[in-house]
Each structure stands twice: as structure tokens, then as C-alpha cells.
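Here's the letter readout for the chains.
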Amino acid sequence: LYSSAASDVYKRQLRTSAFIVLMCSLVSIGGISVTLILPSMPSMVIDLESSAAGVQLTLGVFMIAFGVAQLVWGPLSDRYGRRPTLRLGLGLYVLASVCCWASPTIELLIISRALQAIGACCAPVVARAVVRDIYEREDMARIMSYVILAFAVSGILAPSFGAFIEESIGWRGNFAFMALISAVLLAVILTVLPETHPASRREPSNARHVIRNYCVLLSNHQHLGYALAGSLSYSAYFVFSSIAAFALIEVANVSPTLFALLYAAVAFGYGIGTFTSARLARRLGLDRTVAIGLAVSVLASLLHNVLVLDNSPNPYTIALPMVIVAIGLGMGFANLQAGAIAPFPVFAGAASSTAGFLQMLVSSVIGAVALQFYNGTPLVMTAGILFSAAGMAGVYYILVWRRINATD
């Protein structure tokens, strides 16, 4: 009997681990699609007889399409189920990746990248909804912490792997790799992932009903508080990613190798935060874990600004305090996503869509403003990070924390 019980426990753990790996793969596909080709951009300019601005437009178009299309995939998965929606989205991604690989001109590559983004954004939207279908609030936060950890790790590894492919077979090889891994992922989903959203819980697909659901979500203080706080959390990391190369390489005069190491240290801190979050959420609860993460982020951001103001450009005062900020951001982000989606099991897809859309919108706006005001000093970067962290704490306190305590 003991042996049989131990075997059952082992099988459950194995199934949970396999599920987490699958969800990690789905959530990471968008980030990999962006960072994998970064080392190939100069050769793309030459091969396609384009300009740096033209190749950079492939990234801008991808980000815009990725953000907007999320609003469509969520309601589709609520109406038709998770498996059919993933099948359609990943199928489009495979086809678009092949078109990117075969594109003879920059114009066709831009169009193909837009289609690729539309397919790619289906994966994280539906993955978050699948996690909500299976797990309740606290357990969902734990699973999402592991998923976000994988997302952070993929952001570190993808550029290096993309550089290896670029040096081996050229820039088109990166798109061939995207097509290959997405085809394998699609096959795995069709083989092993059951439908987690039964027909009895599915929502009508008419436009009026979808709009009503979005109005319910955007008027719900809890959803809006978690979603906006999560968006500002992502914005703090996005601001650092957008300006760090300029602040460290141009201002602090570090080598590209040292920059990569410092950037990896920040990403590692983010990973520590998400891993810690997975442990704390079960013991302390989702909201207390978020509160601790917010406090760490805000206090470390204040220290970050003080160090930048009081010292001449120093790579370690620019980057290392961000490691602590990233730990706090990692502790909060997965829990905030879980909090935004958990109260809406019937239309979890739509809730996932609004959270993802707000994340892309808010981070893009704050990142663009920070870049616009960048004046050759790291202060603009640290101020943008502090603004995002403080805004995250303020939104969370006003829309979530204060209301939770008022009802206790």
C-alpha cells in the first residue's frame, strides 16, 4: 500500500512538472520571438538591402500586434475552448515563421512578423487561462511564479542562442528554429493537453457579450488593481531593459561582455524573486507576498536613485541596486497576474487578455517616455524605475489592499 501511494504521489508530481514545463514554453514564446533575432539584425539589414530603421520596424510591428491581438484570443478561448484556440494560434505562428524565413524583402518580413505576433500572443493568453482553469487563487500564483521564472531565464539565453544560429547558418535560421519549436509545441499540445474549459462553462461569442465582459473586467476594482499594478511592475523592468545598454556601455564605459554579465545578474535577481514568491504565496498568501515585493521594489528604487545622484557613473551603482529591485518585482508580478485572473473562472481568457494588453500598453508608454527624456545620464532610467515601482504600490494600495482590509 505504501509503495502504491508513493507511486501515485510521484506520478502526480511528474504530471505537475510536465504541465509547468508546457505552460513555461507557451508563455516564453513571445519573448523568444523578440530576443532570438536581436544578434541577427545587422546581417538582416545587409541581406534584405534595408536600413537599421526598417529592420527595427519588424520589432515595433511585432510588439504592437502582440499587444492588440491579445484582446481577441482570450474571448475566443472562452467560447471555443483552450485547445482549439491554441491550435489556431500556434498554427498561424508556424505558418508566419516559415513566411519570415522565406521573406525576400523587408516589406514582406514586416507583414510576416505582424502575423507571427498575432499567433504568438495566443500562447501566453491561453496558458494563463489554462492555469486558472486547473488551479485556485493561491496555487495559481505558485504555478505562475515558476512560469515567470522560465520567462526570465529564456530572456537571458535566447540572444546567445540566436547569435550561435546567426554565426552558424545565418539570420533565416532563427526563424526556421521558431517554426520548428512551435510545430513541436503544437504537436505536444494536441497529444497531451486535455481541454480544461468544458462546454458547460463556455461563453457566447457575439460582440455584445464580449464587450460586456470587458466592461465588467475594467469596472472591477480588484481586477483593474491587480492588472495595472502588474503592468507597472513589468514597466519597471522594461525601462531598465530599454536604457541599461546606453547607461552602462556609453556612460559607465563597460565592455559588452561586462554589460551582459550585469544584465544577467538583474535577470537572475528577477528569477530569485519569482522562485521566492512561489514559496511565500503558499505560506503567507498572495496579497502579503505582493506587499513584501512592493516594499522591496520601492525601497531599493529609492536607494538606486540616491546612489546614482551621489556618485560618478559607476557600473555597479547603476546595475547592482537593480538586482534588489528585480527581486521585489519578481515577488510581485506572478501574484499580481494570478490576482487579476483568479476571480473570473468563466471568462478567464478575457481576464488574461486585458491583463496582457494593459501590460504591453503601460510598459510601452512608460518605456517610450523614458527613452524620449534620456539625456545621457542613468538618472532618467532610475527615475523611470522608481516611478513605475511607486505607481505599482500606489495602485495596489488604493484599488486592492485598502478594499481587502475594509472588508475584513
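Note that the structure is a prediction, hence the values are computed from the model and not measured. (Residues numbered from 1 in each chain as written. Predicted model: local features only at pLDDT ≥ 70, side-chain atom pairs only at ≥ 80, totals over all residues. Heavy atoms only, no water.)

Asks: I'm lost on the pattern of salt bridges in this one. Help?
Replies: Side chains that differ in sign of charge can pair as their charged atoms come close. Applying the stated criterion across every chain, the model contains three salt bridges. Between Asp-78 and Arg-82 there is a salt bridge, and its shortest N-O distance comes to 3.0 Å. Overall, Asp-78 belongs to the buried group, its relative accessible area being 1%. With its nearest N and O atoms 2.7 Å apart, the salt bridge here joins Asp-133 to Arg-82. With a gap of 51 residues between them, Asp-133 in helix 6 (residues 122–134) and Arg-82 in helix 4 (residues 82–102) connect regions that are remote in the sequence. Of the residues examined, Arg-82 reaches a relative accessible area of 1% and is grouped as buried. What emerges from the salt-bridge pattern is a single network uniting Asp-78, Arg-82 and Asp-133. (Salt bridge = Lys/Arg side-chain N within 4 Å of Asp/Glu carboxyl O. Buried < 20%, exposed > 50% of the residue type's maximum accessible area, 1.4 Å probe, protein only. Helix = DSSP H or I, 4+ residues; strand = E, 2+ residues; numbered from the N terminus.)

Asks: Honestly, the packing of aromatic side chains in this entry has me stumped. Any pointers?
Replies: One pass over the full model with this rule turns up ten aromatic pairs. On the basis of an interplanar angle of 20° and a centroid distance of 5.9 Å, the ring pair of Phe-62 and Phe-66 is categorised as stacked. On the criterion of helical spacing, the pair formed by Phe-62 and Phe-66 is a turn pair, its members being four residues apart in helix 3 (residues 52–80). For Phe-62, a relative accessible area of 1% translates into the label buried. For Phe-66, a relative accessible area of 10% corresponds to the buried category. An aromatic cluster is built from Phe-161, Phe-164 and Phe-177, whose rings are joined through pairwise contacts. A cation sits over an aromatic face here: Arg-79 above Tyr-80, 5.1 Å from the ring centre. (Phe/Tyr/Trp six-rings, centres within 6.5 Å; stacked < 30°, edge-to-face > 60°. Lys NZ or Arg CZ within 6 Å of the ring centre and 35° of its normal.)

Asks: Would you mind showing me how to read the packing of helix 4 against helix 8 (residues 172–192) here?
Replies: Helix-helix packing is described using two parameters, namely the angle between the two axes and the distance between the axes. Relative to each other, helix 4 and helix 8 sit at 160°, their axes nearing to 8 Å. By the criterion of interaxial angle, the relationship of helix 4 to helix 8 is roughly antiparallel. The hand of the helix 4/helix 8 crossing is left-handed. Where helix 4 abuts helix 8, its residues Arg-83, Leu-86, Arg-87, Leu-90, Gly-91, Tyr-93, Val-94, Ser-97, Val-98, Cys-100, Trp-101 and Ala-102 lie against Arg-172, Phe-175, Ala-176, Met-178, Ala-179, Ser-182, Ala-183, Leu-185, Leu-186, Ile-189 and Leu-190. Here the contact of helix 4 with helix 8 is built from residues that sort into 17 nonpolar, three polar and three charged. (Axes fitted to C-alpha atoms, helices over the stretch in contact; angles between N-to-C directions. Parallel < 35°, antiparallel > 145°, perpendicular 65-115°, else oblique. Left-handed = near helix turned anticlockwise from the far one by under 90°. Contact = heavy atoms within 4.5 Å. Nonpolar A, V, L, I, M, F, W, Y, C, P; charged D, E, K, R; others polar.)

Asks: Could you clarify how one ought to interpret unusual backbone geometry in this entry?
Replies: Where the residue is not glycine, phi is negative for most of them; where a peptide bond is considered, it is trans in most cases. Phi is positive for Glu-49, which is not a glycine, with a value near 55°. One can find Glu-49 in the loop between helix 2 (41–47) and helix 3. One non-glycine residue with positive phi stands out, namely Asn-253, at about 60°. Residue placement: Asn-253 occurs in the loop between helix 10 (221–251) and helix 11 (256–284). For Asn-253, a relative accessible area of 63% translates into the label exposed.

Asks: Please clarify how the packing of helix 3 against helix 6 should be interpreted in this entry.
Replies: Their axes nearest at 8 Å, the elements helix 3 and helix 6 cross at an angle of 40°. In terms of axis orientation, helix 3 runs oblique to helix 6. Seen from above, helix 3 lies across helix 6 with right-handed handedness. Side by side, helix 3 and helix 6 meet where Phe-66, Gln-70, Trp-73, Gly-74 and Ser-77 of the first sit next to Cys-122, Pro-124, Val-125, Val-126 and Arg-128 of the second. A breakdown of the residues in the contact of helix 3 with helix 6 according to their chemical character gives six nonpolar, three polar and one charged.

Asks: I tried to follow the environment of Leu-186 on my own but got confused; where do I start?
Replies: Mapped onto the elements, Leu-186 comes out in helix 8. Owing to a relative accessible area of 15%, Leu-186 belongs among the buried residues under this scheme. Residue contacts for Leu-186: discarding those within four places in its chain leaves Leu-86, Arg-87, Leu-90 and Gly-91.

Asks: It is not clear to me how the environment of Glu-49 should be interpreted in this structure. Could you clarify?
Replies: Its relative accessible area of 73% is what places Glu-49 among the exposed residues. Distance from Glu-49 to Thr-105, taken between C-alpha atoms, is 8.0 Å for residues 56 residues apart in sequence.

Asks: Is there a simple way to think about a nonpolar patch on the surface in this case?
Replies: Side chains of Leu-108, Ile-111, Leu-115 and Ile-118 sit close together on the surface and give an oily, nonpolar patch of about 320 Å² of accessible area. With respect to the secondary-structure elements, Ile-118 resides in helix 5 (residues 106–120). (Patch = residues over 30% accessible without salt bridge, like charges linked within 9 Å, V, L, I, M, F, W, Y side chains within 5 Å. Areas by Shrake-Rupley, 256 points an atom, 1.4 Å probe, with all protein chains shown as cover.)

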